[in-house]
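Coordinate analysis (summary)
The primary structure of each chain is shown beneath.
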Amino acid sequence: MSVLKRFHVLTAGIIFCTTLVGLAVWSLPDITGRPPARQPAVTSTTASTAPTSVPTPAPTGTGAATTGASDTVEKTGDTAAGAARPPGFGQAGKLVFGLGPSLDSDSTSPVADQLGMFTTWYNSPNDFGFLTNWSKDLIPQVYAGGRAIHLVVWLGGAGRVATVQTRYGPACGRDYPLSSSFLSDTRRLAQIFGGEADGPPLYVTLFTELQTYPCKANTWAATPEVTNYYLKLKDQYTAAMGIFHSIAPNARVSLGWGGWQARWDDPGKGGGKSLIGHFDDVLRQSDFQSFQAMDSKNNVDDIRDMTRILGKYGPVMVAHYKPDDGSADTWNNDLRAVFTDDYIRQVTGAGLFAFSLMDNKHLTADTESLRLVRDAATRYGTRTG
């Protein structure tokens, strides 16, 4: 999933290159051909104090002072059981269309007036500078315009890859998602993005591409340390969901999957489709379900299959769609297949209620791509207000 920096001259450049090599090696999946973690990069165009790249994956060691892992388990607050279903769920043939990757760029898109939600990203504590500024004006403006906000939390580049102690035993993987600091930062996010209970929703996709956070990807029982990592990550997810529910009354929270997980199955080790079952308890607590679709060749089957699997737990969102290598051919072929009456009936019937495009690149570079999205939003789009 290509989730998309600018560094000071020589020293930062060396750190950055070293980090990229380390991340590439660390994120290699266990099964040949499975995609690595995504790394979004987006430019913020507002807040003068914001960093130039929004969001940016943190290099190894960034924010080390705030990423120490702990085994504190917070109470979850409100449960998801009483949460209202998102508008659009159960409406055959209708989707809430969204666009990323940043609130301050979404409004300038050529399809902005057809969108039901604006998607933005949180990648590390470094993002709080511009997010705090947004809370004063941009975020209230989006809600006032009748649109939902969709917050994608991607932590595949935050903190360090390390072995940390948990109540389950040693766990190996990204330390920041397992830390008490992350839960403190979740409170800040809920305060920044929270809106009125009767206003447009705040959709939250937590831990997008969660399969890539442990030291070995995609498989529950790859090692005992990986199993422990996933167990602790579920605790963190439940705690973070409770924080959003207690602080942001319009929040609806989901766990974010990489869309490749449905392509194979390894029940013995909990790989492929079987990994999803190990999260059955937290999926049933969630307000909705999320996955990304970012294969470089074809996403049509992934979207259908992941919607079918996750739809039994509740409404489903394609949290970010874009071919990982930026292929215009794949983009157009995917959307020509997806945005048809028969396909939309299938996936909305299985639970799909929302579809968010990763960014504007293809919309501004190619008139055919723009036409496909405009026509789809006109034919199938619904607003969330």
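Preceding this paragraph is the structure being described.
Residues numbered from 1 in each chain as written. Predicted model: local features only at pLDDT ≥ 70, side-chain atom pairs only at ≥ 80, totals over all residues. Heavy atoms only, no water.

For the rest of this paragraph, the subject is the packing of helix H5 (residues 180-193) against helix H6 (residues 224-247). Contact geometry for H5 and H6: axes closest at 9 Å, N-to-C directions at 30°. For the element pair H5 / H6, the angle class is roughly parallel. Between H5 and H6 the crossing geometry is right-handed. On H6, the residues that touch Phe182, Leu183, Thr186, Arg187, Leu189, Ala190 and Gln191 of H5 are Gln236, Ala239, Ala240, Ile243, Phe244 and Ile247. Here the residues of the contact of H5 with H6 are counted per class, giving nine nonpolar, three polar and one charged. (Axes fitted to C-alpha atoms, helices over the stretch in contact; angles between N-to-C directions. Helix = DSSP H or I, 4+ residues; strand = E, 2+ residues; numbered from the N terminus. Parallel < 35°, antiparallel > 145°, perpendicular 65-115°, else oblique. Left-handed = near helix turned anticlockwise from the far one by under 90°. Contact = heavy atoms within 4.5 Å. Nonpolar A, V, L, I, M, F, W, Y, C, P; charged D, E, K, R; others polar.)

What the rule picks out here adds up to 16 aromatic pairs. Ring-pair connections join several aromatic residues into one group, and the members of that group are Phe97, Tyr321, Trp331, Phe339 and Phe355. In this arrangement the basic side chain of arginine 188 is found over the ring face of phenylalanine 128, its NZ or CZ atom lying 3.8 Å from the centre. Note that lysine 234 overlies the ring of phenylalanine 279, its terminal NZ or CZ placed 5.8 Å from the centroid. (Phe/Tyr/Trp six-rings, centres within 6.5 Å; stacked < 30°, edge-to-face > 60°. Lys NZ or Arg CZ within 6 Å of the ring centre and 35° of its normal.)

So, about the state of the cysteines. All chains considered together, the criterion is met by one disulfide. Shown here is the disulfide that connects cysteine 172 with cysteine 215, its sulfur atoms set 1.8 Å apart. Taking the sign of the S-S torsion, -65° for the link of cysteine 172 and cysteine 215, the bridge is left-handed. Linking cysteine 172 in strand E5 (residues 169-174) with cysteine 215 in the loop between strand E6 (202-206) and H6, this pair joins segments that are 43 residues apart in sequence. Note on cysteine 172: relative accessible area 15%, which makes it buried. (Disulfide = S-S within 2.5 Å. Buried < 20%, exposed > 50% of the residue type's maximum accessible area, 1.4 Å probe, protein only.)

Applying the stated criterion across every chain, the model contains 12 salt bridges. A salt bridge links aspartate 295 to arginine 263; the shortest N-O distance between them is 3.4 Å. One end of the pair, aspartate 295, is in the loop between strand E10 (289-293) and helix H9 (300-310); the other, arginine 263, is in the loop between strand E7 (251-258) and strand E8 (265-266), with 32 residues separating them in the sequence. (Salt bridge = Lys/Arg side-chain N within 4 Å of Asp/Glu carboxyl O.)

Another aspect to go through is the packing of H9 against helix H11 (residues 341-350). Between H9 and H11, the least distance of the axes is 8 Å, while the angle of their chain directions is 30°. Relative to H11, the element H9 is oriented roughly parallel. Crossing of H9 over H11 shows left-handed handedness. Of the residues in H11, those touching H9 at Val300, Ile303, Arg304, Thr307 and Arg308 are Tyr343, Gln346, Val347 and Ala350. Residues of the contact of H9 with H11, tallied by class, amount to five nonpolar, two polar and two charged.

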